[in-house]
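Listed here are the chains, written in short residue letters.
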Amino acid sequence: MSRKDDLAANLRAVRERIAKACEAAGRSPGEVTLIAVTKTFPASDVRLLAELGVTDVAENRDQEAAPKAAECHDLGVTWHFVGQLQTNKARSVVSYSDVIHSVDRARLATALSRAAVGAERPLRCLIQVSLDEAEGRGGADPEEVRPLADAISAADGLELGGVMAVAPLGADPVPAFERLAQISHSLCASYPSAKTVSAGMSADMEQAIAAGATHVRVGTALLGGRRAIVR
Ligand SMILES: *Cc1c(COP(=O)(O)O)cnc(C)c1O
């Protein structure tokens, strides 16, 4: 089998999982956007996925994403950035990203705003929420979401898109996704257009869709296992 056949089979299986989960939740599959997380995989895979109909891709490290996005600039896919982000990388990340899922502090929003204005590129921002108080994985505490939303929506060049979370490691994801849904619900009361709920990965997309995810971020189930990266 060629790499393209492999990816096509994986994509069919993932789309099937999404469709089943939507059906079980009484939702339409059109409500859930599949984002292919292509980190550690080459630009040639992004190209094949785009040929197979994938419209959204995500990366988590600027160093790797910047050259990959440049190589794929002709594909017309939407680029998502889902990794922890340092303010000094804002300019680079904004040059190729359409959506940032990992905005978790006001200082980062300020840096992204400046970069988006400079690049004359509107930038959609999701607030990453920390649901397990785990240090080191990023995310704002739930009580910080509202002030951060106010800061993003007031900032030039930024558009508040919604919320994102990663389920706690080694725990039942359901309570975390339900908590995220509540946070999204109260955010939408003030910001009705901030409807995006980015949640669910290869292992837990069904639970995330049941809890209302609008975007699932899928790596392994589409592209295969990643080699450990030494940082
Ligand atoms: C790597 C990554 C994913 C994809 O994870 P898989 O388990 O491979 O599907 C999703 N979200 C974020 C933030 C990631 O870093």
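What you see is a predicted model; the values in this text were computed from it and never measured. (Residues numbered from 1 in each chain as written. Predicted model: local features only at pLDDT ≥ 70, side-chain atom pairs only at ≥ 80, totals over all residues. Heavy atoms only, no water.)

### What about the side chain of Lys-39?
Now for step 1: The residue Lys-39 is located in the loop between β1 (33-37) and α2 (43-51) in this model.
Now for step 2: Buried within the structure, Lys-39 lacks any salt-bridge partner; Glu-59 is the closest side chain of opposite charge, at an N-O distance of 8.5 Å.
Now for step 3: If sequence neighbours within four positions are ignored, Lys-39 has contacts with Ala-58, Glu-59, Asn-60, Glu-64, Lys-68 and Arg-226. (Helix = DSSP H or I, 4+ residues; strand = E, 2+ residues; numbered from the N terminus. Buried < 20%, exposed > 50% of the residue type's maximum accessible area, 1.4 Å probe, protein only. Lys, Arg positive; Asp, Glu negative; His and termini not counted. Salt bridge = Lys/Arg side-chain N within 4 Å of Asp/Glu carboxyl O. Contact = heavy atoms within 4.5 Å.)

### Overview of the site of the ligand
Now for step 1: Every residue close to the ligand is listed here: Val-37, Lys-39, Val-82, Met-164, Met-201, Ser-202, Arg-217, Val-218, Gly-219, Thr-220 and Arg-226.
Now for step 2: Between the ligand and Arg-226, the relevant distance is 2.8 Å, taken from an oxygen atom to a side-chain nitrogen or oxygen of the residue.
Now for step 3: Calculation on the ligand without its partners gives an accessible area of 390 Å², and the protein chains cover 87% of this total.
Now for step 4: Here the shell around the ligand is composed, by residue class, of five nonpolar, three polar and three charged. (Near = heavy atom within 4 Å. Polar contact = N/O pair within 3.5 Å; in protein donor to acceptor, adjacent residues only side chain to side chain. Areas by Shrake-Rupley, 256 points an atom, 1.4 Å probe, with all protein chains shown as cover. Nonpolar A, V, L, I, M, F, W, Y, C, P; charged D, E, K, R; others polar.)

### Description of helix α7 (residues 173-190)
Now for step 1: Taking 1.5 Å per residue as the helical rise, α7 with its 18 residues ought to reach 26 Å, and the 27 Å between its terminal C-alpha atoms agrees with that figure.
Now for step 2: Looking at the buried side of α7, the elements it contacts are α6 (145-154), β6 (158-164), β7 (196-198) and α8 (205-210).
Now for step 3: The N-capping residue of α7, defined by a side-chain oxygen 3.0 Å from the backbone nitrogen of Val-174, is Asp-172. (Expected span 1.5 Å × (residues − 1).)

### A look at the pattern of salt bridges
Now for step 1: The final tally for this structure, using the stated rule, is 13 salt bridges.
Now for step 2: Salt-bridge contacts for Glu-31 lead to Arg-27; the nearest nitrogen and oxygen are separated by 3.0 Å.
Now for step 3: Note on Glu-31: relative accessible area 38%, which makes it partly exposed.
Now for step 4: The salt bridge involving Asp-104 is made with Arg-105; its shortest N-O contact spans 2.8 Å.

### Concerning the layout of surface pockets
Now for step 1: Looking at the largest pocket, its volume works out to about 910 Å³.
Now for step 2: Residue lining of the largest pocket: 33 residues in total, with Lys-39, Asn-60, Val-82, Gly-83 and Val-166 positioned closest to the centre.
Now for step 3: A per-class count over the lining of the largest pocket returns 13 nonpolar, 11 polar and nine charged. (1 Å grid on protein atoms, 1.4 Å probe; cavity = no way out; pocket = protein on both sides within 12 Å on 5 of 7 lines; lining within 4 Å. Points joined across faces, edges and corners; volume = space filled by probe spheres on them.)

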